[in-house]
Amino acid sequence: MSVTIALSQAIHRYLLPWRQHNWPLGWNKLFPKPQPLVLEIGFGNGQFLLDQASRNPDKNFIGIERSWGSIQRLVRQLHQANLDNALVLDGDAVWQMDHLFAPDSLHEVFINFSDPWPKERHHSRRLIQTAFMQRLSECMEMNAQVTVATDHSDFAAWINDVLINQTVLQSIHETPVVHKIEGRSPTKYEAKALAQGSLIHYFVWHKATTTPSAHTHAEKVTDMPNVLFHGEASAASLLDTLQQQSWLEQRQGVDVIIKVEGVYQAFNSSNGMLELLVKEGNFSQQIGVLVSLEGDQKLLLKPASIGFPRPTWGVKRAIWHLANTLLQQHPQLKVVSSSVGEFGRNRLEGTTS
């Protein structure tokens, strides 16, 4: 008799809420036992990761995937198997490699049949790029192994060029690519391709040289950014001021897009909320920002707790831009306190930033 697994329970147990943790993540504290960490990027239907985690209880496994349907399928399977050595990350692998994984933290990596993006104009979207492989190698411990598999010949040639033009990783075979790996557990897609007679290209390379990491993306969870004003104003006029606002900036070479996408006022209340898109490179957050009118002519601007927004630089900058816009359009407002920096004018004496 089959057992119905509650999706909510499976998500709670296996989908890691990485936005609520310090970065990079302390993996040994997230699993019951500190064990070598294995990563699969783009786990698809999840069967390969499930099989690997079942066969290797002495290792901990992480799977990264964008597809919500794939995530739901895998967390159910993990819950059904009652495994305690696997977790799932939702999101973009390139961004997460930059922020969530510390140097020398990965024991093994699998990249199975990622999208080959066959059209030439889409080649920049391919996962295997020089910069990505450089960052991946920084996150791998010495002698750690990465296996990349594809059945797309043009993509295989691309992968080959990327790998042979770097010096940190070396093939474990006499050739850059092989077409068979003894004892390998195939993915569902791989098994189908093999049954149809397709030629599979396997790149099995290991870290042969240690290099210092150039990335310093350590970031701790902090209190939500906020700005407190003093001055008389109505919620309707404040919210109207902030409609259809957008800003584009750059930080460390990464585009940061901030856009107000919606304005809402609470029923029978002087409070309102803004819906914002904050996009920092490949990392996007859809957040709510509260505009709260409090007693004694005080106005508080801060992110809502809905969705557990991450107080990144972009979110802090969004609060700064919103506050600055209010100051420009409502000169009666004065800043009492700010956790996002100063504004150059309209500050009360004795306030802090």
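Residues numbered from 1 in each chain as written. Predicted model: local features only at pLDDT ≥ 70, side-chain atom pairs only at ≥ 80, totals over all residues. Heavy atoms only, no water.

Focus: the packing of helix α1 (residues 7–14) against helix α4 (residues 68–81)
- At a minimum axis distance of 9 Å, the contact between α1 and α4 shows a crossing angle of 90°. Classified by the angle their axes make, α1 and α4 are roughly perpendicular. Contact with α1, carried on its side by Leu7, Gln9, Ala10, Ile11, Arg13 and Tyr14, involves Trp68, Gln72, Val75, Arg76, Leu78 and His79 of α4 and no other residues of that element.
- Partitioned by chemical class, the residues of the contact of α1 with α4 number seven nonpolar, three polar and two charged. (Axes fitted to C-alpha atoms, helices over the stretch in contact; angles between N-to-C directions. Helix = DSSP H or I, 4+ residues; strand = E, 2+ residues; numbered from the N terminus. Parallel < 35°, antiparallel > 145°, perpendicular 65-115°, else oblique. Contact = heavy atoms within 4.5 Å. Nonpolar A, V, L, I, M, F, W, Y, C, P; charged D, E, K, R; others polar.)

Looking at the nonpolar core
- If you look at the biggest cluster of nonpolar residues, it comprises 40 residues, and the most contacted ones within it are Ile62, Phe101, Leu106 and Leu136.
- With five residues, helix α7 (residues 153–164) is the largest single contributor of residues to this core.
- The next biggest cluster of nonpolar side chains, apart from the first, holds 29 residues, and it includes Val256, Val260, Val340 and Phe343. (Core = buried A, V, L, I, M, F, W, Y, C linked by side-chain atoms within 4.5 Å. Buried < 20%, exposed > 50% of the residue type's maximum accessible area, 1.4 Å probe, protein only.)

Points about the side chain of Glu280
- Within the secondary structure, Glu280 is located in strand β11 (residues 272–280).
- Here Glu280 sits buried without a salt bridge, and the closest side chain of opposite charge, Arg251, lies 5.6 Å off (N-O distance).
- Within the local environment of Glu280, its side chain forms a polar contact with the backbone nitrogen of Gly314, the two atoms lying 3.1 Å apart. (Lys, Arg positive; Asp, Glu negative; His and termini not counted. Salt bridge = Lys/Arg side-chain N within 4 Å of Asp/Glu carboxyl O. Polar contact = N/O pair within 3.5 Å; in protein donor to acceptor, adjacent residues only side chain to side chain.)

Here's the deal with the environment of Asp151
- Its location among the elements puts Asp151 in the loop between β5 (140–150) and α7.
- Asp151 sits 37 residues away from Ser114 along the chain, and the two C-alpha atoms are 9.9 Å apart.
- When near neighbours in sequence (up to four residues on either side) are disregarded, Asp151 contacts Phe113, Tyr189, Ala193, Leu199, Ile200 and His201.
- A distance of 2.9 Å separates polar atoms of two side chains, one belonging to Asp151 and the other to Tyr189.

With respect to the pairing of strand β2 (residues 60–65)
- Counted residue by residue, β2 has six buried out of six residues, so it is predominantly covered.
- Side chains Asn60, Ile62 and Ile64 of β2 all project onto a buried face; the interleaved residues Phe61, Gly63 and Glu65 project onto the opposite face, where all are buried too.
- Inspection of the sheet shows strand β1 (residues 37–41) paired to β2 by five bridges, in the parallel sense. Along β2, the bridge assignment pairs Ile41 with Ile64.
- Note that the unit made of β1, helix α3 (residues 47–55) and β2 has a crossover that is right-handed. (Pairing = 2+ DSSP bridges. Right-handed = clockwise from strand over helix to strand, strands pointing away.)

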